[in-house]
Amino acid sequence: LRYRYTMADVNWEEIYGKLPTGADERQARFDMFDSFDPNGNGILSLAEVDKAMRDVLAIDEIFDAKPAMMRAFQAAKNRSGRDKEDIQADYIEKLEFKYFLLCLKQYFEYFVAFKRIDGDADRRVSIDEFKEAMPEITKWVGEIGDVEGEFDKIDSNDGGLILFEEFCKWAMAKSLDLEDPDSADE
């Protein structure tokens, strides 16, 4: 049985509505940061972010998308340019939180795309799954001439399978965009 995420599986409006990333949502973002920070120390650990995904945001799709959350956390935690030796370099600060939320949106979209082509849900994409998903992939990134060559480029560790991290790098380079979430209901 092959399982694929469809646009109907994801309530994009609910998700985007709960992630205050707009210029006019600064105070809501700061309030959300404070609710993510139960000990009030002004920094967020990965464990605090993970727990808040479930308890504060209450968006099951994102809570279940650990790889997307991890990528967003890793991208945001060093946004301030802190020295790697600084203990706070392993945490998200309040001024990095907006970037975290923006990354979370983007990586969650990549996660949904990845899950849509990962036919056996093993969190890896084989060449056969990649070829089978080519009609969808073409919608997201445009025509791909040499499918096997493209697969080999994405599989940067030469493991014979595409991992989520590899997929994300490729998706960014290709400006992957799932079909317009707002048009999914039409």
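Residues numbered from 1 in each chain as written. Predicted model: local features only at pLDDT ≥ 70, side-chain atom pairs only at ≥ 80, totals over all residues. Heavy atoms only, no water.

**A word on helix H5 (residues 66-77)**
If you check H5, its first and last C-alpha atoms are 16 Å apart, about what 12 residues at 1.5 Å a residue would give, namely 16 Å. What H5 keeps buried is the set Pro67, Ala68, Met69, Ala72, Phe73, Ala76 and Lys77. Residues of H5 that are buried make contact with strand S1 (43-44), helix H3 (46-57), strand S2 (92-93), helix H6 (97-117) and helix H10 (164-174). (Helix = DSSP H or I, 4+ residues; strand = E, 2+ residues; numbered from the N terminus. Expected span 1.5 Å × (residues − 1). Buried < 20%, exposed > 50% of the residue type's maximum accessible area, 1.4 Å probe, protein only. Contact = heavy atoms within 4.5 Å.)

**Quick look at the pattern of salt bridges**
Enumeration according to the criterion identifies 12 salt bridges in this entry. In this structure, Lys94 engages Asp34 in a salt bridge whose closest nitrogen and oxygen atoms are separated by 3.0 Å. Placement of the pair is Lys94 in the loop between S2 and H6 and Asp34 in helix H2 (residues 26-36), with a sequence separation of 60 residues. By relative accessible area, which is 30% here, Lys94 ends up partly exposed. In this structure, Glu136 and Arg116 form a salt bridge, with 2.6 Å as the shortest nitrogen-oxygen distance. With a gap of 20 residues between them, Glu136 in helix H8 (residues 134-141) and Arg116 in helix H6 connect regions that are remote in the sequence. A network of salt bridges, in which partner residues are shared, links Lys51, Arg54 and Asp55. (Salt bridge = Lys/Arg side-chain N within 4 Å of Asp/Glu carboxyl O.)

**Quick notes on the nonpolar core**
By size, the foremost hydrophobic cluster in this structure holds 54 residues, and its most contacted members are Met53, Phe100, Phe108, Phe130, Ile137, Phe167 and Leu176. Other than its neighbours up to four places away in sequence, Phe130 contacts Val125, Ile137, Val147, Glu150, Phe151, Ile154 and Ile162. (Core = buried A, V, L, I, M, F, W, Y, C linked by side-chain atoms within 4.5 Å.)

**As for the environment of Gly160**
Positionally, Gly160 belongs in the loop between helix H9 (147-154) and strand S4 (162-163). A relative accessible area of 41% places Gly160 in the partly exposed class. Taking the C-alpha atoms as reference, Gly160 lies 7.7 Å from Ile127; in sequence the two are 33 residues apart. Other than its neighbours up to four places away in sequence, Gly160 contacts Phe151 and Asp155.

**Description of the side chain of Ser45**
You can see Ser45 is positioned in the loop between S1 and H3. Relative accessible area serves as the criterion here: at 16%, Ser45 is assigned to the buried category. Leaving out residues up to four positions away in the same chain, Ser45 has contacts with Phe73 and Tyr91.

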